[in-house]
Amino acid sequence: MSEPEESFEFEQLLEFMKRNRGFDFTGYKRSTLKRRVQRRMETVGIDSPAAYLERLETEPDEFTQLFNTLLINVTRFFRDDGPWTFLSEEILPTLLARRGERAPIRVWSAGCASGEEAYTLAMILAEALGPDDFRRRVKIYATDADDEALAAARSAIYSEKQVEDVAVPLREKYFERLDGRYVFAKDLRRSVIFGRNDLVQDAPISRIDLLVCRNTLMYFNAPTQALILARFHFALAEHGILFLGRAEALLTQSNAFVPIDLKRRIFGKAPRFLLRDRLLAPAQLTQRERAEAPNVLLRDAAFEAGAEAQIVVDRLGQLTMSNERARHQFGLTLADIGRPVRDLELSYRPVDLRALMDECYADRRPVLARDVQWRPRASPDDRWTTIEVSPLPDPAGVPLGVSVVFVDVTLAKRLQQELEESKQSLETAYEELQSTNEELETTNEELQSTVEELETTNEELQSTNEELETMNEELHSTNEELHTMNDELRRRGEELNDLNAFQDAIFTSLKSGVIVVDRELRVLVWNARSEELWGLRSSEAVDSNVLTLDVGLPIEQLAGPIRSVLSGQAALRELTIPAVNRRGRSIQCAVSCSPLSSLDGIVRGVIILTEEAA
């Protein structure tokens, strides 16, 4: 389902609840409502608002479950105790003193949920006045749109966990223990009157001295908040006090209230209420204001729908108005209305706005800042804006403030840049064309010269070709010589192989064990008789140092004779030594060491012959 279709079905669902059950949720924040309705739809296994609407039409009991999901009643005794302490210690004494000793005190707890907030008010007022004066003078009107929550509030019965935020002295003084639960004092409970009231649809209670509505407005959208605040203004008596929750900070958009302690969200009723704000509570307008109302609404709607971003700043430098385009473009919110412009990023970005405003006030004429280049935070590209600051004088010509209009000239600026770039491109192309023409003429001359060079090169190639033919004949002759040499090498290789085979045959045929070592005493030959005598294979003996071989022949006794032969001191050394053959039998071994000499007489190694002596 597409998003527009789903939104349409969701609005139909809200209209159905308003029409059939009197609950008007159209002023609530859509994101919050959709999230909670979706949660209930998932619980019952439905995936579209239209299907859920059919469920409500066929099963009226489902309304109860849906309302319990939508009207989340989150409250506690002395919730956020810091503001409550400030209210009881700083605000109530002044309020009670202003009301006198006998005047009634009317309190309204709007959005009271299950009653903890209303009974908190009862305790702090009873502490301030005393129980007798409290019963005689105080009326606390506690209202909510949830009937189940109101029923729980009227019972005034709470669990031990619910009253854990109540100080022990107050708990012992104002609650009774009953079956492990806590019941609020009956004599004080009579002063707390619970009733159903929809802040959006129902008329407000009037002549209220203290109006408490904590963390309820945050569930409504901005226009609905403004409507409720206008009704709160009407409900409060002169010098009345409005006490909001920590999560609510939208009062700066309204002229209906003045902050007493902004951090703790405590406000007083403003002595003057502008017509623009009172239009939100039309039942309270005078006949003249009622006649002017359509024009005021029309003027505000025209300002809000302006094609260019626009703000209005009063003479004190406070932001008074901003249309939708300005809020979107500069990240403003309704909470910024009433704040000094110097505290907003708009004061220096995209331009030093305060300097332009000072110049406008000084000259009493519009001031322009043309083609200001800047980059909005949510945009990857630069934009250009022309800023016009115009004075707003009263009938006597005294400036009341200034209007600042931000005209977006990005498109025109980009077209201008593209035209300039196109002009530069044309000029560059013309210069390149002239340069290309000159290059063509030069190229033509170079081509003629190249043709001549090619003719000369052709002649050189012909001469080179003749040289290559001669070289080819020489290579052919050389190739024949290489073939002859290759045949000779093959023949010599065969002779060498035959010689090696002959040598191996001789060593194999000898009845003596033959061991040949080089000058480093590395074994070069270890014939088959040596393998048979000493039990060591040729592959194990060759390339090993003869003195390190582990055999039955005591080779260490041969080290001296071998070295004397290598040094040329003796041409032949013969000796008989005891040994152990490969079968482990002791024998007398006749050993002879003779030199291995080259043709030039240089001793290259030693030939060692071993055989068993008779």
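Residues take numbers from 1 onward in each chain, read along the sequence in its written order. Thresholds applied to this predicted model are a pLDDT of at least 70 for local features of residues and 80 or more for the giving and counting of side-chain atom pairs; totals over whole chains, interfaces and linings are not thresholded and use all residues. In computing side-chain values, all of the structure's heavy atoms are included and hydrogens and water are not.

Asks: Describe the sheet that holds strand β8 (residues 236–244), naming the residues involved and giving the relevant values.
Replies: Strand order across the open sheet formed by 7 strands is β6-β2-β1-β7-β8-β10-β9, with mixed pairing between neighbours. Bordering the open sheet on either side are β6 (192–196) and β9 (257–261), each of which pairs with just one other strand. Going across the sheet, the axis of each strand differs from the next one's by a mean of 25°, ignoring polarity. Note that strand β7 (residues 208–213) and β8 share 5 bridges and pair parallel. In the strand pairing of β8, C213 is matched with L244. Here the rule is simple: two strands pair whenever DSSP picks up at least two bridges between them. Segments assigned H or I by DSSP are reported as helices when at least four residues long, segments assigned E as strands when at least two residues long, and all are numbered from the N terminus. To get an axis, fit a line to the C-alpha atoms, keeping to the stretch in contact for a helix; angles then go from 0 to 180 degrees between the N-to-C directions.

Asks: So what's going on with the environment of E304? Which residues, and what values?
Replies: Looking at the secondary structure, you find E304 in helix α13 (residues 287–304). Measuring from C-alpha to C-alpha, the distance between E304 and S322 comes to 7.6 Å, with 18 residues separating the pair along the chain. Two residues form a contact once any of their heavy atoms are found within 4.5 Å. The residues touching E304, leaving out its near neighbours within four places in the chain, are S322, N323, E324 and R327.

Asks: Tell me about the pairing of strand β10 (residues 266–269), and please be specific about residues and values.
Replies: Sheet topology places β8 next to β10; 3 bridges connect them, and they run antiparallel. Looking at β10, one finds that L242 is bridged to F267. Sheet analysis places β9 next to β10, joined by 4 bridges and oriented antiparallel. Bridging from a neighbouring strand, P259 pairs with F267 of β10.

Asks: Hey, could you go over the sheet that holds strand β5 (residues 181–184) for me, with residue numbers and the actual values?
Replies: Note on sheets: strands pair through backbone hydrogen bonds, and any given pair is parallel or antiparallel. Strand order in the open sheet formed by 3 strands is β3-β5-β4, with antiparallel pairing between adjacent strands. Each end of this open sheet is capped by a strand with a single partner; those strands are β3 (157–158) and β4 (175–178). The pairing of β3 with β5 spans 2 bridges and is classified as antiparallel. Of the residues in β5, the one forming a bridge with Y158 is Y182. Relative to the sheet, helix α6 (residues 116–129) contacts β3, β4 and β5, its axis offset from that of β5 by approximately 60°.

Asks: Pulling in residues and values, what's your account of unusual backbone geometry?
Replies: Between R349 and the following residue, P350, the backbone shows a cis peptide bond with an omega angle of 20°. Within the fold, P350 resides in the loop between α14 (324–330) and α15 (353–363). One non-glycine residue, A156, adopts positive backbone phi at about 60°. Residue position: A156 is located in the loop between α8 (147–155) and β3. Partly exposed describes any residue whose relative accessible area lies between the buried limit of under 20% and the exposed limit of over 50%, with all areas from a 1.4 Å probe on protein chains only and scaled to the type maximum. Taking the relative accessible area as the measure of exposure, A156 reaches 0% and is therefore buried. Its identity as a non-glycine residue notwithstanding, D179 has a phi of 55°, on the positive side. Here D179 shows up in the loop between β4 and β5. Residue D179 is classed as exposed on the basis of its relative accessible area of 75%.

Asks: Let's hear about a nonpolar patch on the surface: which residues, and what values?
Replies: What goes into a patch is any residue over 30% in relative accessible area without a salt bridge, connected to like charges within 9 Å or, for nonpolar side chains (Val, Leu, Ile, Met, Phe, Trp, Tyr), within 5 Å. All accessibility values rest on the Shrake-Rupley procedure with a 1.4 Å probe; residue burial counts only the protein chains present in the view. We define a salt bridge as a contact between a side-chain nitrogen of Lys or Arg and a carboxyl oxygen of Asp or Glu at a distance within 4 Å. Taken together, the side chains of L496, L499, F502, I506 and L510 make up a nonpolar region of the molecular surface, amounting to roughly 470 Å² of accessible area. Relative to the assigned elements, L510 resides in the loop between α16 (410–509) and β16 (513–518).

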